[in-house]
Amino acid sequence: MSDTRIAARLTYTGTATPPSSAQVPVDASGLVVALDVPEGVTLVRAALKVRAPADDVTLNLTPASTLATSDGQTALDPARSITWLSLDWGSRRPLSSVELKLVTTNPVQTAKKGRLSVAEGGSWYPPTPSDTVSTNTVENLPGILAGRLLVEFVEANAAPPPVGTPKTLSATQLQSIILRAPARPPDLTAFVGDGAGTLFFHHSVPMLPRQELVMEDALSAALQRAWPANLLSGTVAVSLRSSGLGMFDRVQLVLDTLDIIQQWSTGARTQTLSLGTDGMAAAQVAVPKDRPLSEVRFQVRHQLREESLPLTPRPPEHPPLAYHCGSGIAAAQSFTSTGAVGRLAALDLHLRSLTRKVEGTVTIHADVHGRPDETPLPTGPMPLRLLEEGAAPWPARWVSFAPEKALTLGAGTWWAVLSTTEGEVLWSLTDFRDEASTTLPGPALHRTEALSPWLPHEVTIPGTDVNPQELWACSRPRLRPVPSEPPPRPRLQLRWGTRTLDVTPDEAGIVALDAQALATLTPPGGTGSPPPLEVLIRSAAAGDVTLSELQVVIPRRETYGLFPRS
C-alpha cells in the first residue's frame, strides 16, 4: 500500500533572526505548521505543544519598536541632540535590561543619566525601585511589564527636582539604545486554514519562562473541520502568531489518525470471485505489517449452485496411487446412499493425463451383487475429452461430468465407470472418509477387458499402513437436493500472515469486526514485503461471491519533533 504517513513541515514566513540555532521565531508574520495529508486518512485527535525559552534568552526590542524623540526623529541620528526618546513595541512584555550608549566623539558632552518611565497604553509612570539608569553600561531591569518606554536625559549629578516642579532635561547625543526583554512570546494566537485562517486558540498574556502551551481539543476540532473531505488528499496549515517577536525552543506535534482502506488490492471497491466446486478463493487488501487493525467491515453476497457435496476429498496434485485406465483397462467406483439424496447434478473425477489426448466415457450403473450392472442407467454416456498443453508430466485435476438426463438417487448403491477409447489417464486413489455423509464411497474395482471380471485394487500406499480395501477412486458427486433448498453459505476467514480468524456474516451478509474481535489477528511484522490481509472464502457449491462495502481501519500515532528538528 502507499505511504499514509502525514508529512509535517515547520516554516517561518517572517524575517527575524533568532538569537541562536536553539530557537525558532514567531511573530505577526506567522510560524506555520503545514500538513500534507495523503489520500485515505482521517484525523482523530491532534496536539500541538510549544515551549518558551528560559529568561537567559533575550531579544533587543529596539529594531522592531516605533521611535519618537524630542526633535521628531523616527530613526535615531547620533549627530542630533535630543532631550528624550520613546520606544513603542506594541505588546506588553517584561523588560530585562537597557543600555544607553552616548556619542563619545563630542568632547563637551558631560556625564548623563536616563530617567525611565513606562506605559501599557495609558499614562506614563516611573518604574521601581529606581527610575534613573546610567549611560554607557548595561543596566538590569526587574522584569518591568510594559508596552512603551520613555527615556529622559538629565545631568548625571543633577538632583531629582522637588515634587511639583518641572524637570530639567539635558540635550544629549545618543549613539544607540539597546532594550532587552526575555524572548518568550508576549502572547499567542493560532489559526487553521489559508489566508487569515480561522482562530481557534488565544493566549493573551506573556508566556512564562520555560512554559509549555498545549493546544489539543480546540486544535483537533479546527483541523477536523479543515481536513480534506471524502478521504481525499490535501494540505492543511496551522499558523501561530504573536503580536511581538518571540521565540520557541520546542515545537512538537502529535497526530492520532486512521488509515481507512476502501479498495481491494485490485483497486476496485467491489470484487466478484468465482468459486469451483469445493473451492476456495481469496480477496486481498494491502495493509501495513506493523500496525494493528481496529476495524474490518465488508459485505458478502453469493450466488451458488443449488447443489451439495456429500464427499469433499482433497487429494494432492500428484497422488501416490491411481487406477490406470487405457488400452482396454476400465475402472469403477461405487457409492452408497443411506436415503433419498436428490438428483445427480454432476460428478467430478480426479484425473491425470498420461498422454496429451485422452478420450472416453463416464457412465452411471446400478449395482448387481457388488458389481456394476453391464447396462448403464439411462442417463446417457458422459464424454471424456482431455487435451493437454505444455510438456509432460501434467498435474492431476478435477474433471467434471454432467449427465444428459436427470438421475434421482434413492437409498442403495450405484456405480461410476470410467472407460477410455484413446489415450491413457490415471484416476487418483484416496483413503478420505466422512462417516457423517449421507453418501459414502464403497469398493473401487478395475478390469482389463470389456467382458473380464471386475477386480479390487490390492496394492497399498508405500510407507503407510493404509489398508488397500479402504482406498477408493477419488470422486465428488454433486447432488441437487429434493426438495430444493439453498446451498450452505460459504465459510469465511480472515488471514494475515500466519494467523487466521473465522468470521460469520449477519443475515444481511455484513461482516463487522472491532478491535476486540480482531485482537488475535496480530500484525505479522518482519522484514520484506508486507503480507496482505486476505478474505478467504470456501464453498462446497460452485458459484460467484461478491465482496463490497470494504472498510479496513488502521490507527496510527505519529509524533513530529518539528523543532528542534528530528
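Let me sum up the structure you'll find in this document. (Residues numbered from 1 in each chain as written. Predicted model: local features only at pLDDT ≥ 70, side-chain atom pairs only at ≥ 80, totals over all residues. Heavy atoms only, no water.)

Considerations on the overall build of the chain
Phase 1 of the analysis: The number of helices and strands found in the chain is 1 helix and 40 strands.
Phase 2 of the analysis: Summarising its shape, the C-alpha atoms of the chain cover approximately 145 × 45 × 35 Å along the three principal directions.
Phase 3 of the analysis: Residue burial in the chain is summarised as follows: out of 566 residues, 47% are buried.
Phase 4 of the analysis: Put simply, of all contacts in the chain between residues at least 6 apart along the chain, 81% involve residues at least 24 apart.
Phase 5 of the analysis: Just so you have it, the chain exposes about 26,900 Å², and 51% of that area is on carbon and sulfur atoms.
Phase 6 of the analysis: Computed over 48 positive and 55 negative side-chain charges, the inter-centroid distance for the chain is 6 Å. (Helix = DSSP H or I, 4+ residues; strand = E, 2+ residues; numbered from the N terminus. Buried < 20%, exposed > 50% of the residue type's maximum accessible area, 1.4 Å probe, protein only. Contact = heavy atoms within 4.5 Å. Areas by Shrake-Rupley, 256 points an atom, 1.4 Å probe, with all protein chains shown as cover. Lys, Arg positive; Asp, Glu negative; His and termini not counted. Charge placed at Lys NZ, Arg CZ, Asp CG, Glu CD.)

Digging into helix 1 (residues 217–226)
Owing to its 3.6 residues per turn, the α-helix aligns residues three or four sequence positions apart on the same side.
Phase 1 of the analysis: Within the sequence span of helix 1, burial applies to Leu-219, Ser-220, Ala-222 and Leu-223.
Phase 2 of the analysis: Tucked into the core, helix 1 has its buried residues touching strand 3 (31–37), strand 4 (41–51), strand 13 (188–192), strand 14 (198–203), strand 15 (212–215) and strand 16 (234–241).

Brief notes about the nonpolar core
Phase 1 of the analysis: Met-215, Leu-223, Leu-240 and Phe-248 are the most contacted members of the largest nonpolar core, which has 37 residues in total.
Phase 2 of the analysis: In this view, Leu-240 contacts Val-26, Asp-27, Gly-30, Leu-31, Leu-48, Val-50, Leu-188, Thr-189, Ala-190, Met-215 and Phe-248; residues no more than four positions away in its chain are not counted.
Phase 3 of the analysis: Val-358, Leu-407, Trp-414 and Ala-416 belong to the second-largest nonpolar core, a separate cluster that totals 32 residues. (Core = buried A, V, L, I, M, F, W, Y, C linked by side-chain atoms within 4.5 Å.)

Let's talk about the pattern of salt bridges
Phase 1 of the analysis: Using the criterion set out here, one finds 23 salt bridges in the structure.
Phase 2 of the analysis: Across the pair Lys-101 and Glu-99 runs a salt bridge, and its minimum N-O distance is 3.9 Å.
Phase 3 of the analysis: Assessed through its relative accessible area of 34%, Lys-101 is described here as partly exposed.
Phase 4 of the analysis: Between Arg-314 and Asp-278 there is a salt bridge, and its shortest N-O distance comes to 2.9 Å. With a gap of 36 residues between them, Arg-314 in the loop between strand 21 (295–304) and strand 22 (322–325) and Asp-278 in the loop between strand 19 (271–275) and strand 20 (279–285) connect regions that are remote in the sequence.
Phase 5 of the analysis: Through salt bridges that share partners, Arg-5, Asp-259, Arg-291, Arg-556 and Glu-558 make up one connected network. (Salt bridge = Lys/Arg side-chain N within 4 Å of Asp/Glu carboxyl O.)

A few points about the side chain of Ser-242
Phase 1 of the analysis: On the secondary structure map, Ser-242 appears in the loop between strand 16 and strand 17 (246–248).
Phase 2 of the analysis: A distance of 2.9 Å separates a polar side-chain atom of Ser-242 from the backbone oxygen of Gly-244.
Phase 3 of the analysis: Discounting chain neighbours no more than four positions away, the residues touching Ser-242 are Val-26, Asp-27, Ala-28, Pro-185, Pro-186 and Asp-187. (Polar contact = N/O pair within 3.5 Å; in protein donor to acceptor, adjacent residues only side chain to side chain.)

Considerations on the sheet that holds strand 16
Phase 1 of the analysis: Strand order in this open sheet of 5 strands is 1-3-16-13-14, and the pairing throughout is antiparallel. The sheet is open, and its two edges are formed by strand 1 (7–12) and strand 14, each paired on a single side. The average undirected angle you get between the axes of adjacent strands in this sheet is 20°.
Phase 2 of the analysis: One ladder, built from 6 bridges, connects strand 1 with strand 3; its direction is antiparallel. Within strand 3, the position partnered with Tyr-12 by the bridge is Leu-31.
Phase 3 of the analysis: Where helix 1 meets the sheet, it contacts strand 3, strand 13, strand 14 and strand 16, and its direction lies at approximately 145° from that of strand 16. (Pairing = 2+ DSSP bridges. Axes fitted to C-alpha atoms, helices over the stretch in contact; angles between N-to-C directions.)

Some remarks on the sheet that holds strand 37 (residues 499–503)
Phase 1 of the analysis: Spatial strand order, 20-39-36-37: 4 strands in an open sheet with antiparallel pairing. Edge strands, defined here as strands with exactly one partner in the open sheet, are strand 20 and strand 37. Within the sheet, the average angular offset between the axes of one strand and its neighbour, ignoring direction, is 25°.
Phase 2 of the analysis: Examined bridge by bridge, strand 20 and strand 39 (residues 533–539) share 7 bridges and lie antiparallel to one another. Bridge pairing in strand 39 links Met-280 to Arg-538.

Here's the deal with unusual backbone geometry
Phase 1 of the analysis: Residues Ala-392 and Pro-393 are joined by a peptide bond in cis, for which omega reads 0°.
Phase 2 of the analysis: As for its position among the elements, Pro-393 is in the loop between strand 27 (382–387) and strand 28 (397–401).
Phase 3 of the analysis: In this chain, Phe-563 is followed by Pro-564 through a cis amide linkage whose omega measures -10°.
Phase 4 of the analysis: On the secondary structure map, Pro-564 appears in the segment after strand 40 (543–563).
Phase 5 of the analysis: For Asn-230, which is not glycine, the phi dihedral falls at a positive 60°.
Phase 6 of the analysis: The topology assignment puts Asn-230 in the loop between helix 1 and strand 16.
Phase 7 of the analysis: In this structure, Leu-231 takes a positive phi of about 60° despite not being glycine.
Phase 8 of the analysis: With respect to the helices, strands and loops of the structure, Leu-231 is situated in the loop between helix 1 and strand 16.
Phase 9 of the analysis: Residue Leu-231 is classed as buried on the basis of its relative accessible area, which comes to 19%.

Observations concerning the packing of aromatic side chains
Phase 1 of the analysis: By the definition in use, this model includes 2 aromatic pairs.
Phase 2 of the analysis: An angle of 70° between the planes, with centres 6.2 Å apart, marks the rings of Trp-264 and Phe-298 as edge-to-face. In this pair, Trp-264 sits in the loop between strand 18 (250–261) and strand 19 while Phe-298 sits in strand 21, placing the two residues 34 residues apart along the sequence. Like Phe-298, Trp-264 is buried.
Phase 3 of the analysis: Looking at Arg-241, its charged tip hangs above the ring of Phe-191, at a distance of 4.2 Å from the centre.
Phase 4 of the analysis: Note that Arg-476 overlies the ring of Trp-398, its terminal NZ or CZ placed 4.0 Å from the centroid. (Phe/Tyr/Trp six-rings, centres within 6.5 Å; stacked < 30°, edge-to-face > 60°. Lys NZ or Arg CZ within 6 Å of the ring centre and 35° of its normal.)

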